[in-house]
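# Structure assessment
In case you want the letters, here they are:
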Amino acid sequence: MPDAKDTLVSWLRDAHAMEVAAAKNLKNNVDRFEKSPQISAGFDEHRSFSELQAQELEACLQRLDADPSMLKDSAMKLAGLMQPFLTAMSADEHVKHLLAAHAYTHFEVASYHSLAAASQQIGETGIAEVCQRFMEKERAFADWIDQQIPEISRQYINR
């Protein structure tokens, strides 16, 4: 069984892969929502933040004498490539993309909540603070997406 530090390293690698994939998916959503400038801008702003998160997570890993996992990064990118194909087959793809982004962002919130608690438990307060900050930012983004869903849904129904 891995020790607590090894577990934290593994979870930080998961989070790094999650943010690498998120940045790519957010970039794709910027392009998909080009006819909805406020949504496109919101996705682009969060894409920039996801890229910074990946860099900060890499720094957290280095603090623990570890590196990101290329395998996990690649696997998450591959998984992220599948979502557009699944939703592109439906006429309501914009609604589906928002729903997927909403769910994924809540997954990120939960991941950072767990990471903050684990980091705190083993005395890595600096990493816990980073994860807490990320959790709050992801929660705000999830709330923003939540506010966009009704309008995009109404636009789809009115077409």
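Please refer to the structure higher up on the page.
Residues numbered from 1 in each chain as written. Predicted model: local features only at pLDDT ≥ 70, side-chain atom pairs only at ≥ 80, totals over all residues. Heavy atoms only, no water.

## Notes on the packing of helix α4 (residues 93-121) against helix α5 (residues 125-158)
Between two packed helices, both the angle of their axes relative to each other and the distance between the axes serve to describe the pair. Direction vectors running N to C along α4 and α5 enclose 165°, while the axes themselves pass 8 Å from each other. The pairing of α4 with α5 is recorded here as roughly antiparallel in orientation. The way α4 lies across α5 gives a crossing that is left-handed. Split into classes, the residues belonging to the contact of α4 with α5 amount to 19 nonpolar, 11 polar and four charged. (Axes fitted to C-alpha atoms, helices over the stretch in contact; angles between N-to-C directions. Helix = DSSP H or I, 4+ residues; strand = E, 2+ residues; numbered from the N terminus. Parallel < 35°, antiparallel > 145°, perpendicular 65-115°, else oblique. Left-handed = near helix turned anticlockwise from the far one by under 90°. Nonpolar A, V, L, I, M, F, W, Y, C, P; charged D, E, K, R; others polar.)

## Focus: the packing of aromatic side chains
What the rule picks out here adds up to seven aromatic pairs. Aromatic pair Phe-49 and Phe-134: ring centres 5.9 Å apart, planes at 90°, arrangement edge-to-face. Here Phe-134 lies in helix α5 and Phe-49 lies in helix α2 (residues 37-63), a separation of 85 residues in the sequence. With a centroid separation of 5.6 Å and 10° between ring planes, the pair formed by Phe-141 and Trp-144 is classed as stacked. On the criterion of helical spacing, the pair formed by Phe-141 and Trp-144 is a turn pair, its members being three residues apart in helix α5. Classification of Phe-141 by relative accessible area gives buried; the value is 7%. Taken together, the ring pairs in this structure connect Phe-33, Phe-43, Phe-141 and Trp-144 into an aromatic cluster. A cation over an aromatic ring shows up here: Lys-137 above the ring of Phe-49, its NZ or CZ 5.1 Å from the ring centre. (Phe/Tyr/Trp six-rings, centres within 6.5 Å; stacked < 30°, edge-to-face > 60°. Buried < 20%, exposed > 50% of the residue type's maximum accessible area, 1.4 Å probe, protein only. Lys NZ or Arg CZ within 6 Å of the ring centre and 35° of its normal.)

## Overview of unusual backbone geometry
In terms of backbone geometry, most residues other than glycine have negative phi values and most peptide bonds are trans. In this model, Asp-65 sits at a positive phi of 60°, which is unusual for a non-glycine residue. Here Asp-65 shows up in the loop between α2 and α3 (70-88).

## With respect to the pattern of salt bridges
In this structure the tally under the stated criterion is six salt bridges. For Asp-31, the salt bridge goes to Lys-27, with nearest N and O atoms at 3.1 Å. Here Asp-31 and its partner Lys-27 are both found in helix α1 (residues 4-32), four residues apart, which amounts to about one turn of the helix. The shortest N-O distance in the salt bridge between Arg-133 and Glu-56 comes to 2.5 Å. You can see Arg-133 sitting in helix α5 and its partner Glu-56 sitting in helix α2, a full 77 residues away along the chain. Judged by relative accessible area, which is 37%, Arg-133 ranks as partly exposed. Sharing partners across several salt bridges, the network here consists of Asp-44, Arg-47 and Glu-51. (Salt bridge = Lys/Arg side-chain N within 4 Å of Asp/Glu carboxyl O.)

## With respect to the nonpolar core
It is characteristic of soluble globular proteins that their nonpolar side chains tend to be buried jointly. Counting residues in hydrophobic clusters, the biggest one holds 21 residues, and the most contacted among them are Leu-12, Tyr-112 and Leu-115. If you list the elements that add at least two residues to this core, you get α1, α2, α4 and α5. If we skip the residues at most four places from it in the chain, Leu-115 touches Leu-8, Trp-11, Leu-12, Ala-15 and Cys-131. Core analysis: the second largest hydrophobic core is formed by 12 residues, Phe-33, Ile-39, Ile-145 and Ile-152 among them. (Core = buried A, V, L, I, M, F, W, Y, C linked by side-chain atoms within 4.5 Å. Contact = heavy atoms within 4.5 Å.)

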